[in-house]
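# Architecture at a glance
Each chain, written out:
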Amino acid sequence: GGVICQLSGFLVFSISFGFYERCSWESLGKRIKRIGTKSAFGLASEDTKKEVKQSQDLEKSGISRKNDLDLKEIVFVIQSQSNSFHAKRAEQLKKSILKQAADLTQELPSVLLLHQLAKQEGAWTILPLLPHFSVTYSRNSSWIFFCEEETRIQIPKLLETLSRYDPSKEWFLGKALHDEESTIIHHYAFSENPTVFKYPDFAAGWALSIPLVNKLTKRLKSESLKSDFTIDLKHEIALYIWDKGGGPPLTPVPEFCTDDVDFYCATTFHSFLPLCGKPVKKEDIFVAVKTCKKFHGDRIPIVKQTWESQASLIEYYSDYTENSIPTVDLGIPNTDRGHCGKTFAILERFLNHSQDKTAWLVIVDDDTLISIFRLQHLLSCYDSGEPVFLGERYGYGLGTGGYSYITGGGGMVFSREAIRRLLASKCRCYSNDAPDDMVLGMCFSGLGIPVTHSPLFHQARPVDYPKDYLSHQVPISFHKHWNIDPVKVYFTWLAPTEEAKARQDTQKGFREEL
């Protein structure tokens, strides 16, 4: 919860619990004095220095000599989304890349926005686009460099870093993540030793050499993508490229970073909880908790002990009326899985019976842990007049058409307009126990309403994600009580601090620009 100052052009920002405030140069100076110049600018730890040196020695000793690399040989692909907030952020990053290129007086590189590249539903999974990259860029380019909309790139440093890798070879470069223990979100892959398999943290940027893009394109043309589900794209892409040893593993690049304090970094990640103006009022968010009689005794008390008090408007929907909670019986019998009938009944009730026309609906499971406080900040960046369907994005059958959906356990957020359009359509559950999140994804896909992904929502528990990955997030939700203390998880990861609560009242908020 400490304060970090970041130099970004001529602006210095202080980031604390997702709030922005402008730091003066004077205050930055005082902080540097207070914590010491070395730690303020995060001079690399001895371990990291060794890693950089080893990486550089390895490259010099035969992996490659320094290659002349022009900026126009790098194709930048920003992993953007079509929602207006995200599209704007991606456009700002594109401008930054092109401005840096112009300042270097180099020929401007291609900067592509993923959501503009293809109208197909699965473009965000990237692999289906590789044949397009191969055909369009293989003649005059050496690298495809991917990044997220909040990745920050130092173009001269990136050129210097990539020039150490021989572009005629097959390279898969990134900041390496690994699982500490085998996890359900990776189908318990490498269960004997989950640390051995490395996959890229997209936030730090990652790169494919053109020879590798061409090789993957040949494979994609000869055999279609098999996986039904897309759950954790960064892991699944690494598995596909590695191809059980037939392709290259990820090469860790120390210069691809997510924290912004190391002097040698070519990339950093702008880690923050978005705030666009004032946080959305609690009264503008209606929270629906899906439960059933058998969980009234163990799961509902956890909700009441942790996050319930943050919600101004909350109802518990069950198959049994219990006044002490209280629960609402929607007249839909409980099902062991799916809950589609219950979810659509919640949507109908929200649209037709909430008299005050609440702007947002959040549907969670009774074992979801969520920060409504942080959600208020995040939703300030979205327009409830637009059809917004927000949460953690998964995919089903995207290699062969298919659709994207928001996975239910991490929480599904709907604008009133999204629900209005959905219920005005004829799209409904094919059975009460159909998987609600997948049916919703299918319906919204048919309506041409894209799902909006936020990695701050989590379908699993904190232990299911690499520590390094969570370290650059301000999480909004986690899911499941299995083998954890959910109260401890909530207060460790999600509870608002007293300082943050106090500042919410005084926070004026302003748009943070790139």
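On a predicted model such as this, the values are computed, not experimentally measured, just so you know. (Residues numbered from 1 in each chain as written. Predicted model: local features only at pLDDT ≥ 70, side-chain atom pairs only at ≥ 80, totals over all residues. Heavy atoms only, no water.)

## Section: the confidence of the model for the protein chain
- Of all residues in the protein chain, 83% attain a pLDDT of 70 or more, and the chain-wide mean is 85.
- The model gives residues 502–514 a pLDDT under 50, and that stretch makes 32 contacts with residues more than four places away or in other chains. (pLDDT = per-residue confidence, 0-100. Contact = heavy atoms within 4.5 Å.)

## Digging into the state of the cysteines
- One pass over the full model with this rule turns up four disulfides.
- Two residues share a disulfide in this structure: Cys276 and Cys381, whose sulfurs sit 2.1 Å from each other. In this structure the cystine formed by Cys276 and Cys381 twists about its S-S bond by roughly 90°; its chirality is therefore right-handed. In this pair, Cys276 is assigned in the loop between strand S14 (267–269) and strand S15 (285–290) and Cys381 in the loop between helix H12 (372–379) and strand S20 (389–391), connecting sequence segments 105 residues apart. (Disulfide = S-S within 2.5 Å. Helix = DSSP H or I, 4+ residues; strand = E, 2+ residues; numbered from the N terminus.)

## Overview of the pairing of strand S22 (residues 403–406)
- Where burial is concerned, the two faces of S22 agree: the one with Tyr403 and Tyr405 and the one with Ser404 and Ile406 are both buried.
- Where strand S21 (residues 393–396) and S22 come together, four bridges link them in antiparallel fashion. Bridge pairing in S22 links Tyr394 to Tyr405. (Buried < 20%, exposed > 50% of the residue type's maximum accessible area, 1.4 Å probe, protein only. Pairing = 2+ DSSP bridges.)

## With respect to the sheet that holds S20
- With mixed pairing, seven strands are arranged side by side in an open sheet as S17-S16-S15-S18-S23-S20-S24. Edge positions in the sheet fall to strand S17 (327–329) and strand S24 (452–453), since each has one partner strand and no second.
- Packing against the sheet, helix H13 (residues 416–424) makes contact with strand S18 (360–365) and strand S23 (412–415), and its axis sits at approximately 85° to S23. (Axes fitted to C-alpha atoms, helices over the stretch in contact; angles between N-to-C directions.)

## Structural notes on the sheet that holds strand S5 (residues 111–113)
- Taken together, the six strands give an open sheet; going across it, the order is S5-S4-S6-S11-S8-S13, and neighbouring strands pair in mixed fashion. Both edges of this open sheet fall to S5 and strand S13 (251–252), since each of them pairs with a single strand only.
- Where strand S8 (residues 172–174) and S13 come together, two bridges link them in parallel fashion. What sits directly across from Leu173, in S13, is Thr251.
- Strands in contact with helix H4 (residues 84–103) are strand S4 (74–78), S5 and strand S6 (143–147); relative to S5, the strand with the most contacts, it is inclined by about 175°.

## Let's talk about the environment of Glu180
- As for its placement among the helices and strands, Glu180 is situated in the loop between strand S9 (176–177) and strand S10 (199–200).
- The exposure class assigned to Glu180 is partly exposed, which follows from its relative accessible area of 37%.
- Taking the C-alpha atoms as reference, Glu180 lies 6.5 Å from Pro466; in sequence the two are 286 residues apart.
- When near neighbours in sequence (up to four residues on either side) are disregarded, Glu180 contacts Pro194, Thr195, Tyr465, Pro466 and Lys467.

## Structural notes on the packing of aromatic side chains
- According to the stated counting rule, one finds 24 aromatic pairs in the structure shown.
- Centroid distance Phe202 to Trp206: 4.9 Å. Interplanar angle 15°. Geometry classified as stacked.
- Owing to a relative accessible area of 6%, Phe202 belongs among the buried residues under this scheme.
- Taken together, the ring pairs in this structure connect Phe133, Tyr137, Phe146, Phe172, Phe202 and Trp206 into an aromatic cluster.
- The positively charged end of Lys234 is found above the aromatic ring belonging to Tyr469, 4.2 Å away from the centroid. (Phe/Tyr/Trp six-rings, centres within 6.5 Å; stacked < 30°, edge-to-face > 60°. Lys NZ or Arg CZ within 6 Å of the ring centre and 35° of its normal.)

## Digging into the pairing of S23
- Because side chains alternate across S23, one face comprises the buried residues Met412 and Phe414, and the other comprises Val413 and Ser415, equally buried.
- Sheet topology note: the S18/S23 ladder contains four bridges and is antiparallel. By the bridge assignment, Trp360 is partnered in S23 with Ser415.
- Bridge analysis of S20 against S23 gives two bridges, and the strand direction is antiparallel. Across the sheet, Phe389 pairs through a bridge with Phe414, a residue of S23.

## Let's talk about empty space enclosed by the protein
- Counted under the stated rule, the structure contains one cavity of 30 Å³ or more.
- Of the voids in this model, the largest cavity is the one considered here, and its volume is about 800 Å³.
- Around the largest cavity sit 37 residues that line it, and Glu148, His453, Ser454, Pro455 and Tyr469 are the ones nearest its centre.
- Residue assignment for the lining of the largest cavity shows that the elements contributing at least two residues are H4, helix H9 (233–242) and S21.
- Counted by class, the lining of the largest cavity contains 19 nonpolar, 10 polar and eight charged residues.
- Residue-level mapping places the lining of the largest cavity at the junction of two domains, with at least three residues from each of domain 1 (71–269) and domain 2 (282–512). (1 Å grid on protein atoms, 1.4 Å probe; cavity = no way out; pocket = protein on both sides within 12 Å on 5 of 7 lines; lining within 4 Å. Points joined across faces, edges and corners; volume = space filled by probe spheres on them. Nonpolar A, V, L, I, M, F, W, Y, C, P; charged D, E, K, R; others polar. Domains from an automatic or database assignment.)

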